[in-house]
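So the chains spell out like this:
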Amino acid sequence: MVTFQFVPYNDIELLSSAKRINKLLNIVKEEKIVIMEGRLRKEEEADLIEITMEEISAKFRGIELSVIYPDKNKQDISQKMRGVFVNLLLGNRQGLTIIGPASVVKKIEQNPDKIELFTNESKTRYRKKKRKK
Amino acid sequence: MVKEFFKNLLNKLSFNPFKRKTHVKLGLYGPPNGGKSTLANRICQDWLGEEMSSVSHIAHETREIKIKEQVNIKNKKGKELTFSLVDTPGIATRIDYEDFLKRGMKKKEAKSRAKDATKGVIDAIKWLDNMDSVVVVLDATKDPYSQVNITIIGNLQARDIPVLIAANKVDLKRANLDVIHAAFPQYEVVGISAKYGKNIEDFYEQLFKVAK
């Protein structure tokens, strides 16, 4: 079974960078896949990788990370302006961040328009079915 | 006389927007097994006549920052640039010692490699702030839309560090430069084969443009 946990932007909005990252990593360490509203800042993404590396152990093998974000190059001026106002009023809620534990998520393939998430478990399930035959 | 006065004044204030950089700290960044060390070796072979790093098909061969000082590169016009070349460990979000076991390593060796690799990733990220220019080395046969690539380039952009993307392994049939161009349209992309030296002259020319 794969568990997804949704993290609304409100939950992390007022947290410091370190607390945001810890909150997300703690969920991932419980073998859950985080679906977060919005995205981390670029520096926070790098910090997330750094802290993940610090915490790697026999049990925790790292994360798979992917961010879907609207392509600003494809937006017209009115969309860009609207995005700026929304960000100013409500914070940067645009986009979606997916973080999964490496023990559960095999890989996340990201194309500009879609994300494909491959789990390790589905492979195991397939093997089990094969054995039954 | 007035021109000289302002020139001296700017020099005294250590700020001269017209001064051309002559010594650049150049970092090679990217995901594991993209060919950073192979490119570092190619540059050092071409300009110093010696190699810099060991290379391997197994990921995370480079697990600590390696620096080669005083690498002098000349372009076609005869202009010279001196680099401190910094070869960094590949940046990854997951490191599993069992992956090394699958490549034929013994458990103790695999665990030690994984531990060193995690330290290497941390060091590589910490060193981002020290770079004047960066070459992001990507494997042209692989999907460039990985979050690691996006995070590296995003962080360089946030730090205002000039970036050149080297799409490596263009000697392989599966290499697709168009996808890399499409993924990072705002950056200069040079297709190279660091292993065989293909298109390396173009790479040096682009390096001059980015690092100046």
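Going by the structure above, here's the rest.
These numbers were taken from a predicted model, which means no experiment stands behind them.

**With respect to the overall build of chain A**
Counting its regular elements, chain A contains five helices and six strands. The secondary structure elements of chain A, listed N-terminal to C-terminal, are β-α-α-β-α-β-α-β-β-β-α. Scored against the burial criterion, the 133 residues of chain A give a buried share of 24%.

**Here's the deal with the nonpolar core**
Grouped together as the largest cluster of nonpolar side chains are 69 residues, with contacts concentrated most on Val136, Ile165, Ala166 and Ala167 of chain B. Those residues in contact with Val136 of chain B, other than ones at most four positions away along the chain, are Tyr29, Gly30, Ile152, Ile153, Val163 and Ile165 of chain B.

**Examining the packing of helix H2 (residues 17-29) of chain A against helix H3 (residues 42-54) of chain A**
All names here are of chain A. Packing of H2 against H3 leaves a shortest axis separation of 10 Å and a crossing angle of 55 degrees. Between H2 and H3, the angle falls in the class oblique. In terms of crossing hand, the pair formed by H2 and H3 is right-handed. On H3, the residues that touch Ser17, Arg20, Ile21 and Leu25 of H2 are Glu44, Asp47, Leu48, Ile51 and Thr52. Residue composition of the contact of H2 with H3, by class: four nonpolar, two polar and three charged.

**Observations regarding the interface of chain B and chain A**
Taken residue by residue, the interface counts 17 residues in chain B and 21 residues in chain A. Put simply, the parts of the chain that give the side of chain B that touches chain A at least two residues each are helix H4 (107-126) and helix H5 (147-158) of chain B. At five residues, H5 of chain B tops the list of elements feeding residues into the side of chain B that touches chain A. Residue classes in the side of chain B that touches chain A are distributed as seven nonpolar, seven polar and three charged.

**Topic: the pairing of strand S1 (residues 23-29) of chain B**
All names here are of chain B. Most of S1 sits out of view: five of its seven residues are buried. As paired elements, S1 and strand S3 (residues 80-87) share six bridges and run parallel to each other. The residue bridging His23 from the neighbouring strand is Thr82, located in S3.

**Some remarks on the sheet that holds S1 of chain B**
Backbone hydrogen bonds are what pair the strands of a sheet, in a parallel or an antiparallel way. Residues and elements named next belong to chain B. Spatially, six strands are ordered S2-S3-S1-S4-S5-S6 in an open sheet, and the strand pairing comes out mixed. Strands at the two margins of the open sheet, each flanked by one partner only, are strand S2 (66-74) and strand S6 (188-191). With strand direction ignored, the average angle separating the axes of adjacent strands in the sheet is 25 degrees. Along the sheet, helix H2 (residues 36-48) makes contact with S1, S2, S3, strand S4 (133-139) and strand S5 (163-168), crossing S2 at roughly 50 degrees.

**Description of the packing of H3 of chain A against H4 of chain B**
Where H3 of chain A meets H4 of chain B, the axes come as close as 8 Å, and the angle between the chain directions of the two elements is 155 degrees. Taken together, the axis directions place H3 of chain A and H4 of chain B in an arrangement best described as roughly antiparallel. The way H3 of chain A lies across H4 of chain B gives a crossing that is left-handed. Two secondary-structure elements touch here, H3 of chain A through Ala46, Ile49, Glu50, Met53 and Glu54 of chain A and H4 of chain B through Thr118, Val121, Ile122 and Ile125 of chain B. Class assignment of the residues belonging to the contact of H3 of chain A with H4 of chain B gives a composition of six nonpolar, one polar and two charged.

**Some words on the environment of Leu39 of chain B**
Position of Leu39 of chain B among the secondary structure elements: in helix H2. In this structure, the C-alpha to C-alpha distance between Leu39 of chain B and Ala166 of chain B, residues 127 residues apart in sequence, is 9.3 Å.

**Concerning unusual backbone geometry**
Residues and elements named next belong to chain B. The phi torsion at Asp160 lies on the positive side, around 60 degrees, for a residue other than glycine. Locating Asp160 in the fold gives a position in the loop between H5 and S5. In this model, Lys169 sits at a positive phi of 70 degrees, which is unusual for a non-glycine residue.

**Some points on H3 of chain A**
Here H3 of chain A contains 13 residues, and its C-alpha end-to-end distance of 19 Å stays within 8% of the 18 Å for a straight helix at 1.5 Å per residue. Burial in H3 of chain A covers these residues: Glu45, Ala46, Leu48, Ile49, Thr52 and Met53 of chain A. One face of H3 of chain A carries all of its buried residues, which in axial projection span an arc of 150 degrees. Buried-residue contacts for H3 of chain A involve H2 and strand S3 (63-68) of chain A together with H4 and H5 of chain B.

**Details of the sheet that holds S3 of chain A**
Residues and elements named next belong to chain A. Strand order in this open sheet of four strands is S1-S2-S4-S3, and the pairing throughout is mixed. On the outer flanks of this sheet lie strand S1 (3-7) and S3, each paired with one strand and no other. Strand-to-strand twist of the sheet, defined as the mean angle between neighbouring strand axes without regard to direction, takes the value 15 degrees. When S1 meets strand S2 (residues 32-37), the two strands line up parallel, connected through five bridges. Within the sheet, the bridge partner assigned to Gln5 lies in S2 and is Val34. Lying over the sheet, H2 contacts S1, S2, S3 and strand S4 (96-101), oriented at roughly 150 degrees with respect to S2.

**Looking at H2 of chain B**
All names here are of chain B. Look at H2: 17 Å from first C-alpha to last across 13 residues, which is about the 18 Å you get at 1.5 Å a residue. Looking at H2, one finds that the buried residues are Lys36, Ser37, Thr38, Leu39, Ala40, Asn41, Arg42 and Ile43. Buried residues along H2 sit in contact with S1, S2, S3, S4, S5 and helix H7 (200-211). With its phi angle positive at about 75 degrees, Gly49 sits one or two positions after the end of H2.

Calculation notes
- Residues numbered from 1 in each chain as written.
- Chains lettered and ligands numbered in written order.
- Predicted model: local features only at pLDDT ≥ 70, side-chain atom pairs only at ≥ 80, totals over all residues.
- Helix = DSSP H or I, 4+ residues; strand = E, 2+ residues; numbered from the N terminus.
- Buried ≥ 20, exposed ≤ 12 C-beta atoms within 10 Å, placed from the backbone.
- Core = buried A, V, L, I, M, F, W, Y, C linked by C-beta atoms within 7 Å.
- Contact = placed C-beta atoms within 7 Å.
- Axes fitted to C-alpha atoms, helices over the stretch in contact; angles between N-to-C directions.
- Parallel < 35°, antiparallel > 145°, perpendicular 65-115°, else oblique.
- Left-handed = near helix turned anticlockwise from the far one by under 90°.
- Nonpolar A, V, L, I, M, F, W, Y, C, P; charged D, E, K, R; others polar.
- Pairing = 2+ DSSP bridges.
- Expected span 1.5 Å × (residues − 1).
- Arc of directions from axis to C-beta.

What is shown is where atoms sit, not what they do.
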